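# Residue-level structure breakdown
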Amino acid sequence: MGAHRMQVVGISAFVVVGTLLLVALWALRRRLHARERELERKAQELAVSRAAEQRLVEELAEARRAEEEARRAREEAMNASRSKSAFLANMSHELRTPLNSILGFAQLVERDPSLADRHRENLAVICKSGEHLLGLVNDILEMAKIEAGRMTLVDAEFDLHDTLSGLSEMFAVEAQKRGLTLTVERAQDVPRHVHGDEGKLRQVLINLLGNALKFTPRGSVTLRASARRATGAHDGAAGRVRVSFEVADTGRGMAKEELAELFEAFAQTATGRQSREGTGLGLHISRRIVRMMGGDIRVESQAGRGTTLRFDVRLSLVDAPDARAGGAARHPAALRAVGLSPGQPRYRVLVVDDRWDVRHCLLKLLDSVGIEARSATNGLGAVAQWETWAPHLVLLDLRMPLLDGYEAASRIKSSPRGHETVVVAMTASAFEQNRALAAEAGCDDFVSKPFRDADILGLLTKHLGARFEYEERAAEPGAAQGAPAVDLARAAAGLPASLRKDLRRAATRLDAKAVQATIDRFRPEDAELAGAVAELARGYRFDSILALSSADEEEPS
């Protein structure tokens, strides 16, 4: 019995031990499985980490490649920009320099008092064509400068009334050819003498008027100008004026969805694309200019009802030239200077340019008004002439061989005696940075080629105090100075058809004598109109006379 109990106890202990071993083995296996899973998870994480590290390495390499490509692209862009700037500078110089000779010699020949009328008329055509070509060159170069981000404002005093009258005359013939009525309305509050960038203001107005005439098949085009003067003296606004312009036409107009892209570069409306004219840059450039001048362009248009564009610019008010300069500016460029006023000293001027035609033209001009002048062909010669001859003023070209104008000006101005010499830089370049570089070299002033006689004589007056005698021209009885073109057109429309026909024929032939003979025929009936047309004839504005005499007439064949 006792043995049997011991056997049972042994079996029970064996079962317990076995069970505990199984439990322990099962727990160990679970731990092993958990460890395996942990190792697998870590292995996966490590694989993911390595993959991420590889991707990061690849991304860094790609970023380095992209950075290197961007650096090369920037270098290429900078090189292209420098090449473009050099090309523009050379093109500007090559175009403006011969134009300077054409216009300069034409003005020089025109100064000859013995010149026959027919030759003077031919010269007027040459001058007008040269001025037109110069305007085209300037516009092309201006667009290039805008594209390169180098557009700047060049402020100076100008006559706003003359600017508007000139625009009216410029577009009168084109309007007449298209059978349109062109009206220029100037409010009484528009100041005459202002300070601002006349060239860029004209560029905007020319673009807007040109577009209006181009896309108006019938009806009218109107340019209106008004002004609002600033009164806030506390913030420096006194003496400023905001001039508003409006160009309205009765043309084809635009759909509403086209207006949003009107001022985008190279964008054209459906009407513009149909006309196959222009590049779509004009309005984009105009808005850039207007914004630089402190305003913006707004447009209103309806398809089939016409378009109106409005913009305003900030200008500064200035005193009339006569009151400010004691009458120094009384003589317009159209009057010919014939010599120095009595009591003037013998001024000495040195002309420095590597081109014979420029030197010859300036020497002849200066000699014709009693200025003693010498010349040099490069900067070394300029310095030598300055040391031995002591000129009062040096007209110094900037681009010359051996020694350029910048270095020559610097050498002259570095001497104590050089501070007494006025150095004026001359250049045919289109870029304004030349003006800053010339000033840094010591130049006292700057003149761009091609220049006019009045520009050179004006420099002598400004810096040396020189005064000139001008030829006298008898005023026509009843001449209407500065009369708006629209008023003249209305008056001319009242002339008999036969008189208008004769006037138109004479203007077409550029025959000043025939124009004057026709004027004499209607002078008794309308002395004011006769005086105004005679003034146009004296200025060889046959295009304006043709526009006035062509109202309601067929174009001459």
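Predicted model only: the values in this text are computed from it and were never measured.

### Some thoughts on the overall build of the protein
Broken down by element type, the protein carries 18 helices and 14 strands. Burial status across the protein gives 40% buried among its 557 residues. Here the contacts in the protein between residues at least 6 apart in sequence split such that 71% fall between residues at least 24 apart. Of the accessible surface of the protein, which amounts to about 30,600 Å², a share of 54% is contributed by carbon and sulfur atoms.

### Here's the deal with the sheet that holds strand S10 (residues 372-376)
Pairing is parallel across the open sheet formed by five strands, whose spatial order is S10-S9-S11-S12-S13. With one partner strand each, in any of the chains shown, S10 and strand S13 (445-448) form the two edges of the open sheet. For this sheet, the mean angle separating the axes of adjacent strands, direction not counted, is 20°. The sheet contact formed by strand S11 (residues 393-397) and strand S12 (residues 422-427) spans five bridges and is parallel. Bridge pairing in S12 places leucine 395 opposite valine 424. Together, strand S9 (348-352), S10 and S11 form the strand contacts of helix H10 (residues 379-389), whose direction differs from that of S10 by roughly 145°. Against the sheet, helix H13 (residues 453-464) engages S9, S11, S12 and S13, with an angle of about 135° to S11.

### Thoughts on the pairing of strand S4 (residues 220-229)
Note that strand S2 (residues 181-186) and S4 share six bridges and pair parallel. Bridge pairing links valine 184 to leucine 223 in S4. Summarising the sheet, S4 and strand S5 (residues 240-249) pair through nine bridges and their orientation is antiparallel. Opposite serine 226, over in S5, you have serine 244 as the bridge partner.

### Focus: the pairing of strand S3 (residues 193-196)
Two strands pair when backbone bridges link them, and strand S1 (residues 156-159) and S3 are joined in this way by four bridges, in the antiparallel orientation. By the bridge assignment, glutamate 157 is partnered in S3 with histidine 195. Here S3 runs beside strand S7 (residues 306-317); their pairing, made up of two bridges, is antiparallel. Among the inter-strand pairings, valine 194 is bridged to a residue of S7, identified as leucine 317.

### Some thoughts on the nonpolar core
Among the nonpolar cores identified, the biggest contains 36 residues, and Leu160, Leu201, Leu205, Leu223, Phe245, Phe311 and Leu315 are the most heavily contacted of them. Counting residues per element, the ones that place at least two in this core are helix H3 (160-177), S2, helix H4 (198-214), S4, S5, helix H7 (282-292) and S7. Ranked by residue count, the leading element in this core is H4, at seven residues. Setting aside chain neighbours within four positions, we find phenylalanine 245 in contact with Leu160, Leu164, Leu201, Leu205, Arg224, Ala225, Leu309, Arg310, Phe311 and Val313.

### Here's the deal with the pattern of salt bridges
When the charged atoms of two side chains with opposite charge come close together, those side chains can pair. Applying the stated criterion to the full structure yields 24 salt bridges. Among the salt bridges present, the one from glutamate 68 reaches arginine 71, with a minimum N-O distance of 2.2 Å. Of this pair, glutamate 68 and arginine 71 both sit in helix H1 (residues 2-110), three residues apart, which is roughly one turn of that helix. In this structure, aspartate 312 engages arginine 242 in a salt bridge whose closest nitrogen and oxygen atoms are separated by 3.5 Å. You can see aspartate 312 sitting in strand S7 and its partner arginine 242 sitting in strand S5, a full 70 residues away along the chain. Both residues of the pair, aspartate 312 and arginine 242, count as buried.

How each quantity is defined
- Residues numbered from 1 in each chain as written.
- Predicted model: local features only at pLDDT ≥ 70, side-chain atom pairs only at ≥ 80, totals over all residues.
- Heavy atoms only, no water.
- Helix = DSSP H or I, 4+ residues; strand = E, 2+ residues; numbered from the N terminus.
- Buried < 20%, exposed > 50% of the residue type's maximum accessible area, 1.4 Å probe, protein only.
- Contact = heavy atoms within 4.5 Å.
- Areas by Shrake-Rupley, 256 points an atom, 1.4 Å probe, with all protein chains shown as cover.
- Pairing = 2+ DSSP bridges.
- Axes fitted to C-alpha atoms, helices over the stretch in contact; angles between N-to-C directions.
- Core = buried A, V, L, I, M, F, W, Y, C linked by side-chain atoms within 4.5 Å.
- Salt bridge = Lys/Arg side-chain N within 4 Å of Asp/Glu carboxyl O.

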